Number of protein chains: 4
Amino acid sequence: MSTFGKAIEINLFGESHGDSIGIIINNLPAGIKLDFANIDHELYKRRPKSNISTPRQEKDEYKIISGYYNDYTTGTPLTIVIENKDTRSKDYSNDFLRPSHADFTSHVKYNGFEDYRGSGHFSGRITTPLVILGAISNQLLKQKGIIIGSHIDSIKDIEDNEFSDYKSFESILKTLNSSDFPVLNENIVKSYKETILRAKENKNSVGGIIETMILGLNPGYGNPFFNSIESTLAHLLFSVPAVKGVEFGKGFSITKLCGSEANDEFYIDNNTIKTRTNNSGGIQGGISNGMPITFKTAIKPTASIGLPQKTVNIDTMEETSLSLLGRHDPAIVHRVIHVINAMASYATLEIICRNEGFSWIK
Amino acid sequence: MSTFGKAIEINLFGESHGDSIGIIINNLPAGIKLDFANIDHELYKRRPKSNISTPRQEKDEYKIISGYYNDYTTGTPLTIVIENKDTRSKDYSNDFLRPSHADFTSHVKYNGFEDYRGSGHFSGRITTPLVILGAISNQLLKQKGIIIGSHIDSIKDIEDNEFSDYKSFESILKTLNSSDFPVLNENIVKSYKETILRAKENKNSVGGIIETMILGLNPGYGNPFFNSIESTLAHLLFSVPAVKGVEFGKGFSITKLCGSEANDEFYIDNNTIKTRTNNSGGIQGGISNGMPITFKTAIKPTASIGLPQKTVNIDTMEETSLSLLGRHDPAIVHRVIHVINAMASYATLEIICRNEGFSWIK
Amino acid sequence: MSTFGKAIEINLFGESHGDSIGIIINNLPAGIKLDFANIDHELYKRRPKSNISTPRQEKDEYKIISGYYNDYTTGTPLTIVIENKDTRSKDYSNDFLRPSHADFTSHVKYNGFEDYRGSGHFSGRITTPLVILGAISNQLLKQKGIIIGSHIDSIKDIEDNEFSDYKSFESILKTLNSSDFPVLNENIVKSYKETILRAKENKNSVGGIIETMILGLNPGYGNPFFNSIESTLAHLLFSVPAVKGVEFGKGFSITKLCGSEANDEFYIDNNTIKTRTNNSGGIQGGISNGMPITFKTAIKPTASIGLPQKTVNIDTMEETSLSLLGRHDPAIVHRVIHVINAMASYATLEIICRNEGFSWIK
Amino acid sequence: MSTFGKAIEINLFGESHGDSIGIIINNLPAGIKLDFANIDHELYKRRPKSNISTPRQEKDEYKIISGYYNDYTTGTPLTIVIENKDTRSKDYSNDFLRPSHADFTSHVKYNGFEDYRGSGHFSGRITTPLVILGAISNQLLKQKGIIIGSHIDSIKDIEDNEFSDYKSFESILKTLNSSDFPVLNENIVKSYKETILRAKENKNSVGGIIETMILGLNPGYGNPFFNSIESTLAHLLFSVPAVKGVEFGKGFSITKLCGSEANDEFYIDNNTIKTRTNNSGGIQGGISNGMPITFKTAIKPTASIGLPQKTVNIDTMEETSLSLLGRHDPAIVHRVIHVINAMASYATLEIICRNEGFSWIK
């Protein structure tokens, strides 16, 4: 059940402290020269850095073990493997259930046979191969003039500007993509980082919201009902650990408006039909309308905190308390944002290829 | 792309003003005696009634044309068909793009060949067979002691109570399910209906939020990543027309909390591991933890309004304005809520059957 | 499990003596004007006729209940329904297990809840909607210059000529397709029909072999391993009741040759790479090589015979004997051949659309 | 498109002379202790040995890089990797199209970007991970009392005995499974090997037929139409390189019989319904009837031969001739047989798990 995709089928695998993690990407056309600099840049952005992330150091050195020959994809399954290196399994135990982690649920599901070290298959680390998938997807989407980017919309109660304040989306998205801590209002960075550091000092953690834009997708992609753009995107976004909400366009706040305020009226701009507002987030009836696709994703506060928490020892079935000593992220919003971008890129590629096949890819 | 499911595969079909709408439900075990009274009750609840809904009258008379013999399912595809009867196609035209409807996107996707009458395949009417699917799913879930229900959490800026104020969820859910306008706080009904009627008078519309609870799902169901409970539910929820947001547990508001506030601490209750809070909405790592699964769904204001709106005539490619004269719902929250329940029921059944197969079904 | 397809997804339904049988065809592009004359012709060919088939008369009057509007496909699910009319259920009972029918296996699988009348979902009648699917597929394949046809290669021990005796495959296939009893050697028809009639007189039945050619598929379609052309075709061919064997090119008899005899040597014909022989049946590594794709399908003798047979009464669990009195086909090869063509057409369309999407379809 | 499975999803990858080959097996339950001795034994059997196979020596040293912890499966994707070691790429070139290999078709499909070394993804070597999959499947099937085995039914025109000559299938299958050159009639081994060696001396090759039995599958598994046992098995069998035909039970020769001869009459044996003959190969209506499932698979002569062959140089588009100098198998029937067993085992497991889920697995 770690598989997805009808057009570009993927298979994710690995545990945080096992031998390796990785992904197989199926059905990529032959003859694509991968942009490794771009992949490296995306991996760099997700990697923990400075004092606002875990001190665990992973170089994310990936190796392509099939599907790539003489500098081009071969058309057969592309398999990417990352060996785990900087693991300290002794920091972890599965005796004590960490609140709001998957310790309990995986223990029940897998009858105690789960590889619990470093959260095993449930670790955020398993999203690393997804970032590679996203970088490859982006490279192909570029051929369609599609660019995808996100900003940290909020951390705890601090908020960034909105996308809607801006005119030139393309250059904004490029700027966002060049940063490992992307925001629209550069002045907010200090507050964001202070909020994270304060949580860290308090042995606590914080969450936040990510806003994403898919720019350049022509109208007519997607489907009604079970393969709507929203369904496909939300399916993939909710696969990312720590995501608790997804909304498109105005999302939950559209429920506060009247129809006359919420509806996106049409007009003609240079012989193209556009909408003046974009409360729908670029999607109607599950299908793109040519406006930017926008959505927000809620990231819960990191579940690992140093503060003592009440819990249960599942072996002895006794209540107890727990203070986590391992290397933790006081916030993961600024790291997950790059995974969200990756999922958005892959979802967009999948949506296009379901309609058009692969022959448009150079 | 109107198909879904790996265990219970479904195929939805039909257009609002075509011959018929319906659904095929595949892989239901043989020997199930369908509870038609329950199906009828669910259909009744979704059907437009009184002055807060469209005057279009559909009896939703469905016919099972395969897979049911001698009062039991046969194990082969169950096909359910509803003929369309009270249709007035002349109220509609596809010359003028109705804002925030699928007129434009379907026109582009289908090159003008779409059946646009009454929104065609994009009509809320196509969700009727989903309500039947939900009723059948519920009947099976009952065998596992699972009950699912929703309340209208808000209409525009009026808000109902929260689930969390209550102790006895099971009886609450049963009460909610007995109503076609389910709320936790009965006193709110008047305000809700007034809000809807005021919109109607103003030739406008309103939206709202639906909160849903899945009660009784044991811990250990679901999967990490691409078949997480959240992914499966969100996929189906976002398939329902007018849904713009989905959040689990505390959802977007969890981002305002610290980890120490957000985390659900474990305790032991009668030899069972539970969490004191349920901010996670009953899911960790994509897997059920035995607590009630809770989520909210944002429903946008009905796109059809009588007020004049600016739009484009796609044939002449001229800007124009449009006042919709057809029979419209000033709000659909109280109708969609029954579809949301149906999707939650089907999703839960699908999640269980993917793990356990079908042999548990009597 | 009555679903198939990743590109063009289908869902087959119905029982022989139930209300209706039919099919949903998903993902067909909008704007296709169906060639009803061709559909009717294909249905005509499969329909029982004259004294060599069952006297059951079905007009196969189908109705499109969704996905077709103003003489064109709409792009949303195309649902086709055929009502059952000339049914005589009293000819059937499920007390006695008919040898080599699905009576016993369906009874076990469905715990006695199967609709056993006229073989229910296991009836050859359920292939009627597949013939419509095939006719629609053919219409699209024609745009790629692909033509598919079959001849009755053998009935019992009487054999037709081979495809390989001929030069002009296209005209041959057209001739075959114009006939409801297609053979290469017209002189064989008499022997074939005599063999069938002799079986009928003896209250017995006969089977035979069908040879099929897919002409005009360019090289490069298909895939290695699990989506090979052979896998896709065989999957669908073995879905057809009564099929017991499938072989490509020289098939089983290639095992009698040396590699030097079996290999298809390449040469250049008018700047195109071709093979002098076609023992591989147009496929290497699961991928088309541009030569005609050829395969044979073995059809067992009709299981329903009038002769007395030993069997078991599954209710009393006693051994007994059984003489079938219903209306039976002494042979179905000449009827199944049109279903085999249909499956070949749909499979070819599916293989193409998986690679290229749908945008090539006019 | 190198993926398969709805219950146990697999993803095969790798090229013959690339870095590695391998497989991901998804959805295996947690808590299975793999029987490595059995895996090794199966790999040993497939491996080239003695003078009747290629001298290429591969140790098939596999490594589990995810999904296995503390000697048990974890329930998350099980990833198995085999590094390629004894590769001599200079023996190969893609200038000259080897007749009846995938050189031409892969060249067209992948636009010349295929990894052609040692046949790349089309190499028989890629079936090695399938043998591991088969061994794991067998281990689980054993819990259901299911045993699967095959014998070399023929090599060229030399034929082994039939299964039907024997009474005690279980011990026969065990004996077959203990051998890397399994036959029913031990006296035939000498003729078989002589036939192979003669082909080798003549720089030629031979093919043959494999007969397989699945013993112990209870009645009621499988489905009508698109998930019939035949469809599922044939899909997987035709995925194996060099397979040109698949037939169940009497297969093609059943077409020579009358219905009265072909039908399998029922009787009662010890309160169980059985059939006296098994011409149907244990399947009716796509569903198991409790009798042994039997099928035959045709394996073409190895395409690689030392004799000169006419071909085309695809770069210069000139006709030429080619004598293959690399290390080749004069026959692969005795090696492929172990892959056929593996596919049969996986298919059976998949068929069971689609019906029953995974909870029966210990």
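Before reading on, note that the structure itself is shown above.
Calculation criteria
- Residues numbered from 1 in each chain as written.
- Chains lettered and ligands numbered in written order.
- Predicted model: local features only at pLDDT ≥ 70, side-chain atom pairs only at ≥ 80, totals over all residues.
- Heavy atoms only, no water.
- Helix = DSSP H or I, 4+ residues; strand = E, 2+ residues; numbered from the N terminus.
- Buried < 20%, exposed > 50% of the residue type's maximum accessible area, 1.4 Å probe, protein only.
- Contact = heavy atoms within 4.5 Å.
- Areas by Shrake-Rupley, 256 points an atom, 1.4 Å probe, with all protein chains shown as cover.
- Lys, Arg positive; Asp, Glu negative; His and termini not counted.
- Charge placed at Lys NZ, Arg CZ, Asp CG, Glu CD.
- Buried area = accessible area lost by both parts, 1.4 Å probe.
- Salt bridge = Lys/Arg side-chain N within 4 Å of Asp/Glu carboxyl O.
- Polar contact = N/O pair within 3.5 Å; in protein donor to acceptor, adjacent residues only side chain to side chain.
- Least-squares fit on C-alpha atoms with pLDDT ≥ 70 in both.
- Nonpolar A, V, L, I, M, F, W, Y, C, P; charged D, E, K, R; others polar.
- Pairing = 2+ DSSP bridges.
- Phe/Tyr/Trp six-rings, centres within 6.5 Å; stacked < 30°, edge-to-face > 60°.
- Axes fitted to C-alpha atoms, helices over the stretch in contact; angles between N-to-C directions.
- Parallel < 35°, antiparallel > 145°, perpendicular 65-115°, else oblique.
- Left-handed = near helix turned anticlockwise from the far one by under 90°.
- Expected span 1.5 Å × (residues − 1).
- Arc of directions from axis to C-beta.

Engineer: Mind showing me how you'd approach the overall build of chain A here?
Structural biologist: A tally of regular secondary structure across chain A gives eight helices and 18 strands. The principal-axis extent of the C-alpha atoms belonging to chain A is close to 70 × 50 × 35 Å. Counting the 362 residues in chain A, one finds 70% classified as buried. Once local pairs closer than 6 in sequence are excluded, the contacts in chain A between residues at least 24 apart make up 72%. Here chain A displays about 11700 Å² of accessible surface, and carbon together with sulfur accounts for 47% of that area. The averaged location of the 41 negative side-chain charges in chain A is 3 Å from the averaged location of its 38 positive side-chain charges.

Engineer: I would appreciate a short explanation of the environment of G249 of chain A in the present structure.
Structural biologist: Residue and element names in this part refer to chain A. Along the chain, G249 falls in the loop between strand 11 (243-248) and helix 7 (259-262). Note: C-alpha distance between G249 and G282 (33 residues apart in sequence) is 7.3 Å. Those residues in contact with G249 that lie beyond four places of it in its chain are N278, N279, S280, G281 and T294.

Engineer: Is there a simple way to think about the interface of chain D and chain A in this case?
Structural biologist: In this complex, chain D contributes 36 residues to the contact, which on the side of chain A involves 36 residues. Counting each side, the surface lost to burial between chain D and chain A is near 3100 Å², with a carbon and sulfur contribution of 58%. Applying the counting rule to chain D against chain A returns two salt bridges. Residue D19 of chain D is joined to K63 of chain A by a salt bridge in which the shortest nitrogen-to-oxygen separation is 3.5 Å. There are ten residue pairs in polar contact (both at pLDDT 80 or more) connecting chain D and chain A. If you list the elements that add at least two residues to the side of chain D that touches chain A, you get strand 2 (10-14), strand 3 (20-25), strand 4 (62-66), strand 6 (72-73) and strand 7 (78-83) of chain D.

Engineer: Even after reading the chapter, I still don't get the pattern of salt bridges, so can you show me in this structure?
Structural biologist: One side chain can pair with another of opposite charge once the charged atoms of both are near each other. A full pass over the atoms with the stated rule returns 72 salt bridges over all chains. Across the pair D269 of chain A and K274 of chain A runs a salt bridge whose closest N-O atoms are separated by 2.8 Å. A salt bridge links E230 of chain C to K244 of chain D, with the shortest nitrogen-to-oxygen separation between them at 3.9 Å. Residue E230 of chain C is found in helix 6 (residues 229-237), and its partner K244 of chain D is found in strand 11 (residues 243-248); the two belong to separate chains.

Engineer: Would you take a moment to explain the relation of the copies chain D and chain A for this structure?
Structural biologist: Each of the two chain copies can be brought onto the other by rotation about an axis and movement along it. When chain D is fitted to chain A, the residual RMSD is 0.0 Å, and the transformation amounts to a turn of 180 degrees plus an axial shift of 0.0 Å. When the rotation and shift are considered jointly, the pair of chain copies conforms to a two-fold rotation axis. Distance from the rotation axis, computed per C-alpha, reaches its smallest value in chain D at N11 of chain D: 3.7 Å.

Engineer: Is there a simple way to think about the interface of chain A and chain B in this case?
Structural biologist: Where the parts come together, the accessible area they lose is often given as the size of the interface. On the side of chain B, 106 residues touch chain A, which itself brings 105 residues to the contact. Approximately 8400 Å² of surface area, both sides summed, lies buried where chain A meets chain B, with 64% of it carried by carbon and sulfur atoms. At the boundary of chain A and chain B, one finds two salt bridges. Run the count over chain A and chain B and you get 39 residue pairs in polar contact (both at pLDDT 80 or more). When the residues that make up the side of chain A that touches chain B are grouped by side-chain class, the tally is 46 nonpolar, 40 polar and 19 charged.

Engineer: Just to check I follow, could you spell out the sheet that holds strand 3 (residues 20-25) of chain A for this structure?
Structural biologist: Whether parallel or antiparallel, the strands of a sheet pair through hydrogen bonds between backbone atoms. Residue and element names in this part refer to chain A. Taken in spatial order, the five strands line up as 1-2-3-7-4 in an open sheet, and their pairing is antiparallel. Taken across any chain shown, the strands that pair with only one partner, and hence form the sheet edges, are strand 1 (3-4) and strand 4 (62-66). In this structure, strand 1 lies alongside strand 2 (residues 10-14), joined through two bridges in antiparallel fashion. Within the sheet, the bridge partner assigned to T3 lies in strand 2 and is N11.

Engineer: What should I look at first to understand the relation of the copies chain A and chain B in this one?
Structural biologist: Rotating chain A by 180 degrees about the axis while translating it 0.0 Å along that axis superimposes it on chain B, leaving an RMSD of 0.0 Å. Comparing interface residues between copies, 100% of those in chain A also sit at the interface in chain B, which points to an isologous, same-surface contact.

Engineer: Any chance you could explain the packing of aromatic side chains here in plain terms?
Structural biologist: Any pair of aromatic rings gets described here by the distance separating the centres and the angle formed by the planes. Applying the stated criterion across every chain yields a total of 54 aromatic pairs over all chains. Each ring, one from F4 of chain A and one from F226 of chain B, has its centre 6.0 Å from the other, and the planes form 50 degrees; the classification is tilted. Note that F4 of chain A is positioned in strand 1 and F226 of chain B in the loop between strand 10 (208-215) and helix 6 (229-237), a pairing that runs across two chains. On the accessibility criterion, F4 of chain A (9% relative accessible area) is buried.

Engineer: What is the right way to read the pairing of strand 17 (residues 309-313) of chain A from this model?
Structural biologist: Here is the key point about a regular strand: its side chains alternate between the two faces of the sheet. All names here are of chain A. The buried fraction of strand 17 amounts to four of the five residues, a majority that puts the element mostly inside the structure. Pairing geometry for strand 17 and strand 18 (residues 318-322), over five bridges, is antiparallel. Across the sheet, T311 pairs through a bridge with T320, a residue of strand 18. Between the antiparallel neighbours strand 17 and strand 18 lie four residues, among them M317 with a positive phi of about 55 degrees.

Engineer: Teacher, can you tell me more about the sheet that holds strand 4 (residues 62-66) of chain B here?
Structural biologist: Residues and elements named next belong to chain B. Taken together, the five strands give an open sheet; going across it, the order is 1-2-3-7-4, and neighbouring strands pair in antiparallel fashion. With partners counted over all chains shown, the strands left at the sheet margins are strand 1 (3-4) and strand 4, one partner each. Across five bridges, the pairing between strand 2 (residues 10-14) and strand 3 (residues 20-25) is antiparallel. Bridge pairing links N11 to I24 in strand 3.

Engineer: Would you mind going over the packing of helix 1 (residues 36-46) of chain C against helix 3 (residues 128-141) of chain C with me for this structure?
Structural biologist: A packed helix pair is summarised by two numbers, namely the angle formed by the two axes and the spacing between the axes. Residues and elements named next belong to chain C. Direction vectors running N to C along helix 1 and helix 3 enclose 140 degrees, while the axes themselves pass 9 Å from each other. Taken together, the axis directions place helix 1 and helix 3 in an arrangement best described as oblique. With respect to the hand of their crossing, helix 1 and helix 3 are arranged in right-handed fashion. Touching N38, I39, E42, L43 and R46 of helix 1 are T128, V131, I132, A135 and I136, all from helix 3. When its residues are assigned to classes, the contact of helix 1 with helix 3 shows six nonpolar, two polar and two charged.

Engineer: Can you help me understand the side chain of H328 of chain D in this one?
Structural biologist: Residue and element names in this part refer to chain D. On the secondary structure map, H328 appears in the loop between strand 18 (318-322) and helix 8 (333-356). The class for H328 is buried, based on a relative accessible area of 18%. If near-sequence neighbours (up to four positions away) are discounted, H328 is found in contact with S53, T54, P55 and S304.

Engineer: Sorry if this is basic, but what is going on with helix 5 (residues 188-201) of chain D here?
Structural biologist: The α-helix winds at 3.6 residues per turn, so residues separated by three or four positions along the chain end up facing the same way. Residue and element names in this part refer to chain D. With 14 residues, helix 5 ought to run about 20 Å at 1.5 Å a step, and its terminal C-alpha atoms sit 20 Å apart, in line with that. Regarding helix 5, the residues found buried are I188, V189, Y192, T195, I196 and A199. With its buried residues spanning 135 degrees around the axis, helix 5 presents them on a single face. Residues of helix 5 that are exposed and point over 90 degrees away from its buried face: K190 and E201. Check the buried side of helix 5 and you find it contacts strand 8 (147-155), strand 9 (158-159) and helix 8. Taken from the residues just after helix 5, K203 is the one with a positive phi, measuring 55 degrees.

Engineer: Looking at this structure, how should I read the pairing of strand 3 (residues 20-25) of chain C?
Structural biologist: Residue and element names in this part refer to chain C. Here strand 3 lies mainly inside the structure; six of its six residues are buried. Across the two faces of strand 3 the burial is the same, with S20, G22 and I24 and I21, I23 and I25 all buried. Here strand 3 runs beside strand 7 (residues 78-83); their pairing, made up of six bridges, is antiparallel. The partner of I23 across the bridge, within strand 7, is I80.

Engineer: Help me understand the environment of Y192 of chain C, please; the structure alone is not making it clear to me.
Structural biologist: All names here are of chain C. Mapped onto the secondary structure, Y192 falls in helix 5 (residues 188-201). Its relative accessible area of 0% is what places Y192 among the buried residues. Each residue touching Y192, except ones within four places of it in the same chain, is listed here: I152, D153, S154, I155, I158, E159, D160, F181 and V183. A polar side-chain atom of Y192 sits 2.8 Å from the main-chain carbonyl oxygen of I152.

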